[in-house]
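Observations on the three-dimensional arrangement
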Amino acid sequence: MLLQDKVVVVSGVGPGLGRAIAMRSAQAGADVVLAARTESRLIEVAKEITELGRRAVVVPTDVDDDAAAANLVEAAHSGFGRVDALVNNAFAIPPLADLAEVDLDRVRAGFETNVLAALRLTRLFVPALARTKGSVVMINSAVLRHSRRTFGPYKMAKAGLLALAQSLATELGPQGIRVNSVAPGYIWGDNLKWYFGYLAQQRGITAEEVYAETAKTTDLRTLPEPDEIADAVVFFASAMARAITGACLDVNAGEYHH
């Protein structure tokens, strides 16, 4: 019960990692504020949380919108009266194209959701987090660790998010607020399972063989599941990490070392 009676705000709650972060937070004893654009998904996750005996507040939110973000803060205060952790998980896929050719407007759009929205939410929650000596966790990516073709815009956005987290750690530390990052590699969830099935069909092999080939690139010969990544988020949000700020924890089963 690392988060017993704490309040955790999670943006970007969908069927994958966002849901896992919300559920693992609740299982660790927290009440959860659920934010995303799709209300039906939030309602489903809220039901699961209440079945665990914890409370959940559903707040349909477009994190790119100033008014919607401000409403999320108000809803969190109205629902629970405090905030102990903010998890910036909202994500928009940047264009997958070479930097020499990519459309710059699409790059800007990626920065809006992946970097500026995280700054927007964090700034709005600073007063509440200062009162509880709380924590901010940014969901980053293993794209930080490589420079493969077509991933340049993606890496630019996530590198910007990492710089944001580190700078905020310095700025907010004197108020007792910690800011850390979690960088997943492969996430063995529904999207990746579908993609491996597609690759298997194209190559005339089984999805299990695609998995084995991919997992062979990691030290542990496995691909992390959403709950395993969410556990790292819970750790950063908890008092177990009370002396850690400005850190980026890779959760990739040993695909990259940093």
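Criteria and thresholds
- Residues numbered from 1 in each chain as written.
- Predicted model: local features only at pLDDT ≥ 70, side-chain atom pairs only at ≥ 80, totals over all residues.
- Heavy atoms only, no water.
- Helix = DSSP H or I, 4+ residues; strand = E, 2+ residues; numbered from the N terminus.
- Pairing = 2+ DSSP bridges.
- Axes fitted to C-alpha atoms, helices over the stretch in contact; angles between N-to-C directions.
- Contact = heavy atoms within 4.5 Å.
- Patch = residues over 30% accessible without salt bridge, like charges linked within 9 Å, V, L, I, M, F, W, Y side chains within 5 Å.
- Areas by Shrake-Rupley, 256 points an atom, 1.4 Å probe, with all protein chains shown as cover.
- Salt bridge = Lys/Arg side-chain N within 4 Å of Asp/Glu carboxyl O.
- Polar contact = N/O pair within 3.5 Å; in protein donor to acceptor, adjacent residues only side chain to side chain.

Right, let's get into unusual backbone geometry. Despite not being glycine, Asp5 has its phi angle at roughly 60°, a positive value. Summarising the element assignment, Asp5 is placed in the segment before strand 1 (7-11).

In this section: the sheet that holds strand 6 (residues 178-184). Ordered by their spatial adjacency, seven strands build an open sheet running 3-2-1-4-5-6-7, and the pairing between neighbours is parallel. Here the strands that pair on one side only, and so sit at the sheet edges, are strand 3 (56-60) and strand 7 (248-251). Each strand of the sheet is rotated relative to its neighbour by a mean of 15°, with strand direction disregarded. By the bridge criterion, three bridges tie strand 1 to strand 4 (residues 85-88) in an arrangement that is parallel. Bridge pairing links Val8 to Ala85 in strand 4. Those strands touched by helix 4 (residues 104-132) are strand 1, strand 4 and strand 5 (135-139), and its axis lies near 175° from that of strand 4. Set on the sheet, helix 8 (residues 226-237) makes contact with strand 4, strand 5, strand 6 and strand 7; between it and strand 6 the angle comes to about 170°.

As a further point, take a nonpolar patch on the surface. Residues Phe91, Ile93 and Leu96 make up a contiguous nonpolar surface patch of roughly 310 Å² in combined accessible area. Here Leu96 is to be found in the loop between strand 4 and helix 4.

We now examine the side chain of Arg120. Following the sequence through the fold, Arg120 ends up in helix 4. A polar atom in the side chain of Arg120 sits 2.6 Å from the side chain of Asp66. Once residues lying within four places of it in the same chain are set aside, the contact partners of Arg120 are Val63, Asp64, Asp65, Asp66, Ala69 and Glu112.

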